[in-house]
Amino acid sequence: MGCPRCQSTAIIRYGHTHYGKPRFRCRDCSRQFVENATRQPIDEATRQLIDKLLLEEMPLAAIVRVTGVSRRWLQLYLKQKNQ
Ligand SMILES: [Zn+2]
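These numbers were taken from a predicted model, which means no experiment stands behind them.

Caption draft 1: Geometry of the environment of Asn 82. You can see Asn 82 is positioned in the segment after helix H3 (71–81). Expressed as a C-alpha distance, the spacing of Asn 82 and Arg 31, which sit 51 residues apart in the sequence, is 30 Å.

Structure (structure tokens):
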């Protein structure tokens, strides 16, 4: 597990949320977060699959369903590719 902002692994426990989930704090950038809120990095195989589906002109909603990535992540990914 790493920091969602800077990917640092210098993470310390920092109490709990109202719902009893452990809260963490990054020692490098001071970002606070709960474990569930950290986004999983999208692996290379999934990215390649997405590239293939995009070539097939599959609608974004379908790509989200097939690959399990979030729509927001997909939109950011597209933006990066078009730069
Ligand atoms: Zn950080």
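Caption draft 2: A look at the packing of aromatic side chains. Scanning the model with the defined rule gives two aromatic pairs in all. Above the ring of Tyr 14, the side-chain terminus of Arg 25 is found at 5.3 Å from the ring centroid.

Caption draft 3: View of the pairing of strand E2 (residues 22–26). Pairing analysis gives four bridges linking strand E1 (residues 11–16) to E2, with the strands arranged antiparallel. Looking at the pairing, Ile 11 lines up with Cys 26 of E2. With three bridges connecting them, E2 and strand E3 (residues 32–34) associate as antiparallel partners. The partner of Arg 23 across the bridge, within E3, is Val 34. Counted along the chain from E2 to the antiparallel partner E3, the turn is five residues long, and its residue Ser 30 has a positive phi close to 70°.

Caption draft 4: Spotlight on the domain arrangement of the chain. Parsing the chain into structural domains produces domain 1 (1–38) and domain 2 (44–81). When each unit is reduced to the centre of its C-alpha atoms, the spacing between domain 1 and domain 2 is 28 Å.

Caption draft 5: Expanded view of the coordination of the zinc ion. Summarising the metal site, the zinc ion is bound by the protein donors Cys 3 (SG), Cys 6 (SG), Cys 26 (SG) and Cys 29 (SG), whose distances to it range over 2.2 to 2.3 Å. Classification of the site at the zinc ion rests on its four donor atoms, whose angles at the metal span 104 to 117°, yielding the label tetrahedral. Ordering the donors of the zinc ion by residue number gives the pattern C-x2-C-x19-C-x2-C.

Caption draft 6: Main features of the packing of helix H1 (residues 44–55) against H3. Axis separation between H1 and H3 bottoms out at 12 Å; the angle between their running directions is 75°. Judged by the angle between their axes, H1 and H3 are roughly perpendicular. On H3, the residues that touch Arg 47, Ile 50, Asp 51 and Leu 54 of H1 are Trp 73, Leu 74, Tyr 77, Leu 78 and Lys 81.

Cut-offs applied
- Residues numbered from 1 in each chain as written.
- Predicted model: local features only at pLDDT ≥ 70, side-chain atom pairs only at ≥ 80, totals over all residues.
- Heavy atoms only, no water.
- Helix = DSSP H or I, 4+ residues; strand = E, 2+ residues; numbered from the N terminus.
- Phe/Tyr/Trp six-rings, centres within 6.5 Å; stacked < 30°, edge-to-face > 60°.
- Lys NZ or Arg CZ within 6 Å of the ring centre and 35° of its normal.
- Pairing = 2+ DSSP bridges.
- Domains from an automatic or database assignment.
- Donors = N, O, S within 2.8 Å, 3.2 Å for Na, K, Ca; no water.
- Tetrahedral: all angles 85-135°; square planar, octahedral: opposite > 155°, others 65-115°.
- Axes fitted to C-alpha atoms, helices over the stretch in contact; angles between N-to-C directions.
- Parallel < 35°, antiparallel > 145°, perpendicular 65-115°, else oblique.
- Contact = heavy atoms within 4.5 Å.

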